[in-house]
There are 2 protein chains.
Amino acid sequence: MECQAQEFKHEYKKEMRAVQDAMYVLNGKWKIPIISAICYYNKRRFSDIMKDVEGISNRMLSKELKELEMNQIVNRIVLNTQPITVQYELTQHGLTLQGIINNLTDWGVRHRLKITGK
Amino acid sequence: MECQAQEFKHEYKKEMRAVQDAMYVLNGKWKIPIISAICYYNKRRFSDIMKDVEGISNRMLSKELKELEMNQIVNRIVLNTQPITVQYELTQHGLTLQGIINNLTDWGVRHRLKITGK
DNA sequence: CAGTATCCAAAGGGATACTG
DNA sequence: CAGTATCCCTTTGGATACTG
């Protein structure tokens, strides 16, 4: 019993860390909207994402994309145009976020209904 | 075609808002760890959550619990002891977050493996 | 077009001390 | 026990201007 409690505790801490890892990647105001936009269009350019994600500044978009790239969520593809254009796409790993984003979306709809009644 | 694009755009914006609503509720360093702790023990007291969620201060725990209560994620139950004790439990609405948290946990494990290799 | 650089305001959050 | 209050540093993020 004590032993199992220890076991639980250990698992619990590991799960805690995992969920915090996940949230760390997705945290902030813009990460999920950016991922959603890229996912929705499959491939998407910097200036287009700016239009998709309402209210974001180029500074923030740049910063967030860099972080997402570091976390292997998006790929950055430079095209040989003049002037250069850059496309972003989700990696295989990034695509595995789709289910979570869909769940969050559904929950968000129910939550808004619950809180505001519409 | 144009019309359907408009339709898509409209849906897309609604979904964007929904996912942002959800993230707004869960954002920050502590929300999900707190929810997880309460969920794990079913009912949990303030001082116990302090121990469960490593590193949190009483100030932060108080603030976050208040927000979760406002968003109808947790119920606050004052017990008639001396001195008073307070229990927190998830609401029905709060319980609907379990699936999302589990998904985030699973994803977090895979992500850590991907990034750190362990 | 796809960013960087700089500056600044607001929010987040830790440490400590205090209260009913 | 379950918080509040205060102080203060850090992080986030907006506005504007600039560059290859």
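Up top is the structure these notes are about.
Residues numbered from 1 in each chain as written. Chains lettered and ligands numbered in written order. Predicted model: local features only at pLDDT ≥ 70, side-chain atom pairs only at ≥ 80, totals over all residues. Heavy atoms only, no water.

## Section: the protein's contact with DNA strand C
Filter applied, for reference: Nearness here has a simple test: a residue counts as near a molecule or strand if at least one of its heavy atoms is within 4 Å of that partner. Here a polar contact is taken to be a pair of N or O atoms separated by no more than 3.5 Å, where protein atoms must pair a possible hydrogen donor with a possible acceptor and residues adjacent in sequence count only if both atoms sit in side chains. Strands here are runs of E lasting at least two residues and helices are runs of H or I lasting at least four, both read from the DSSP assignment and numbered beginning at the N terminus. Three classes are used: nonpolar for Ala, Val, Leu, Ile, Met, Phe, Trp, Tyr, Cys and Pro, charged for Asp, Glu, Lys and Arg, and polar for all others, with Gly counted as polar.
Around DNA strand C there are 18 residues in total, and Ser47(A), Ser62(A), Lys66(A), Arg76(A) and Tyr88(A) lie nearest to it. When atoms of DNA strand C within 4 Å of the protein are sorted by moiety, sugar and phosphate together comprise 63%. In the environment of DNA strand C, a phosphate oxygen lies 2.7 Å from a nitrogen or oxygen atom belonging to the side chain of Arg76(A). Within the contact set of DNA strand C, a base nitrogen lies 2.9 Å away from a side-chain nitrogen or oxygen of Arg59(B). Secondary-structure elements contributing two or more residues to the surface near DNA strand C are α3 (46-52), α4 (58-70) and β3 (85-90) of chain A together with α4 (58-70) of chain B. Counting residues per element, the surface near DNA strand C draws most heavily on α4(A), which supplies four residues. Looking at the surface near DNA strand C residue by residue, the class counts come to seven nonpolar, five polar and six charged.

## Observations concerning the packing of helix α6 (residues 98-116) of chain A against helix α6 (residues 98-116) of chain B
Where we set the bar: Axis lines are fitted to C-alpha atoms, over the contacting stretch for helices. Their N-to-C directions set the angle, which ranges from 0 to 180 degrees. Roughly parallel here means an angle under 35 degrees, roughly antiparallel means over 145, roughly perpendicular means 65 to 115, and every remaining angle is called oblique. By the definition used in this description, the sense in which the near helix is turned from the far one sets the handedness, with an anticlockwise turn below a right angle giving left-handed and a clockwise turn giving right-handed. Contacts are assigned to residue pairs with any non-hydrogen atoms lying within 4.5 Å of each other.
Across the interface, α6(A) lies against α6(B) with an axial gap of 10 Å and an inter-helix angle of 160°. Put simply, α6(A) runs roughly antiparallel to α6(B). Classified by chirality, the crossing of α6(B) by α6(A) is left-handed. Here Ile100(A), Asn103(A), Leu104(A) and Trp107(A) of α6(A) come into contact with α6(B), specifically with Ile100(B), Asn103(B), Leu104(B) and Trp107(B).

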